[in-house]
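# Structural description and commentary
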Amino acid sequence: MTHVEDELSSQPECWTRAAAEAGRWARELPRPGERVAIVGCGTSFFMAQAAAALREGAGQGETDAFAASEFPRHRPYDRVLALTRSGTTTEVLDLLARLRGRTPTTAVTADPRTPAGETADRVVLLDHADERSVVQTRFATTALTLLRAHLGLHPDTAVADCRTALAEPLPEGLLECGQFTFLGRGWTVGLAHEAALKTREASLAWAEAYPAMEYRHGPISVSTSGTATWMIGEAPDGLARQTADTGALWVQGALDPLAELVRAQRLALALAAARGLDPDRPRHLTRSVVL
């Protein structure tokens, strides 16, 4: 078993622990009414997008998400929350250092002994979800589970749905497809982007992601026999039929959206295996980008 397979399969236990410990980290995480920015790079940026949409949608306060390198340095925030598994990513460290003494910062990380843990004002430690693999799975979903629980939005069904996502066969015909489009709405747009990233990283397959309503505005033109369109969350009216009319395989997520992301992670590994690729050694990638 590869590292990423082992880590992927451990997500139900990681989520259970993160949800149970959410209260422990309440002082380190954003408070209701604060104006917050959530930042990250790669996978962490997409989790930031999902978390920001959830928080603002829950009426907790204005919340933005940025790639750490694109943070608007002159925009005021009450708190900046940085998601960083390794705690060594250059863009995140540069931002935390720039904000020190100006804006309160919290780092959600797997290792407090890294530079991010030393630079941020506060640290939330998810060491039980740390990973050996380059391709992130459990740290990202565990961090988002923690934030969902902090917001009171972690449903009782999420962990059970995650176990279902790990146990049930992938949709028939999916592995035969050569191109994949992931769609989301609201907070699941970030999950769709992360599903596409996992597919690209692990299997080198062509994968893209869009807000579901934007799919009709051009991207649907590439849908045809041999492509798949995977909806994470509730689909807009008529989109399943319109996609099926192109000849593409339509996959409607029926589980908790975060569990649907786990299914997409499994797809990425299955495609990698079918193509003779080692997901623990993705092309041109390292566990942390240090510039």
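Just above, that's the structure.
Scope of this entry: the structure provided in the associated data block. Owing to the predicted nature of the structure, the values given are computational and were not obtained by experimental measurement. By convention here, each chain's residues receive numbers from 1 onward along its written sequence. With pLDDT at 70 or above as the cut-off, local features in this predicted model cover only qualifying residues; side-chain atom pairs require 80 or more to be listed or tallied, and sums for whole chains, interfaces and linings still use all residues. Excluding hydrogens and water, the side-chain values take into account all heavy atoms of the structure.

### Considerations on the overall build of the protein
In plain terms, the rule: A run of H or I in DSSP counts as a helix once it spans at least four residues, and a run of E counts as a strand once it spans at least two, with each numbered from the N terminus. Throughout, radius of gyration means the C-alpha value; the globule benchmark is 2.2 Å times the number of residues raised to the power 0.38. Burial here depends on accessible area, computed with a 1.4 Å probe over protein chains only, as a share of the maximum for the residue type. Under 20% is buried, over 50% is exposed, and the range in between is partly exposed. Contacts were defined at the residue level, with two residues in contact if any of their heavy atoms lie within 4.5 Å.
For the protein, the helix and strand inventory stands at 10 helices and 9 strands. Its C-alpha radius of gyration of 18 Å places the protein within 12% of the 19 Å reference for a compact globule of 291 residues. Each principal axis of the C-alpha atoms in the protein carries an extent, and together these give about 55 × 40 × 35 Å. Taking all 291 residues of the protein together, the buried fraction comes to 58%. Within the protein, residue pairs in contact and separated by at least 24 positions form 72% of the contacts whose partners lie at least 6 positions apart.

### Concerning the sheet that holds strand β5 (residues 122–125)
Definition in use: Two strands make a pair as long as DSSP finds a minimum of two bridges between them. With axes taken as lines fitted to C-alpha atoms, and helix axes fitted only over the stretch in contact, angles between N-to-C directions fall between 0 and 180 degrees.
Strand order across the open sheet formed by 5 strands is β2-β1-β3-β4-β5, with parallel pairing between neighbours. Of all strands in the sheet, those bounded by a partner on one side alone are β2 (63–67) and β5. Between one strand axis and the next, the sheet turns by 20° as a mean value, whatever way the strands run. Note that strand β1 (residues 36–40) and β2 share 5 bridges and pair parallel. Looking at the pairing, V39 lines up with F66 of β2. Contacts from helix α6 (residues 138–150) reach β3 (79–83), β4 (105–109) and β5 within the one sheet, and its direction differs from that of β4 by about 135°.

### Topic: the sheet that holds strand β6 (residues 179–184)
Spatial ordering of the open sheet is given by β7-β6-β8-β9, a layout of 4 strands whose pairing is parallel. Strands at the two margins of the open sheet, each flanked by one partner only, are β7 (206–211) and β9 (249–252). Neighbour-to-neighbour, the strand axes of this sheet turn through a mean angle of 20°, independent of strand direction. Judged from the 6 bridges that link them, β6 and β7 form a sheet pairing that is parallel. Across the sheet, G184 pairs through a bridge with P211, a residue of β7. Running at roughly 155° to strand β8 (residues 227–232), helix α10 (residues 257–274) makes contact with β6, β8 and β9 of the sheet.

### What about the pairing of β6?
For β6, the tally of buried residues reaches 6 of 6 residues, placing the bulk of the element in the interior. Every second residue of β6 is oriented toward a common face, with Q179, T181 and L183 on one face and F180, F182 and G184 on the other, all of them buried. Two elements, β6 and β8, share 6 bridges in a ladder whose sense is parallel. Counterpart to F182 in the pairing with β8 is W230.

### Overview of empty space enclosed by the protein
Taking a probe equal in size to a water molecule and rolling it over the atoms shows the remaining empty space. We apply this condition: Buriedness for pockets is judged along seven lines, at least five of which must meet protein on both sides within 12 Å for an open set on the 1 Å grid over protein atoms alone, while cavities are sets there where a 1.4 Å probe fits but cannot get out, and lining residues have an atom within 4 Å of a point. Grid points are joined across faces, edges and corners, and a volume is the space filled by probe spheres set on the points.
The final tally for this structure, using the stated rule, is 1 cavity of 30 Å³ or more. In this structure, the largest cavity encloses a volume near 60 Å³. If you trace the largest cavity, you find it lined by P30, I38, A51, R55, L81, L147, H150 and L151. Put simply, the parts of the chain that give the lining of the largest cavity at least two residues each are α3 (43–57) and α6.

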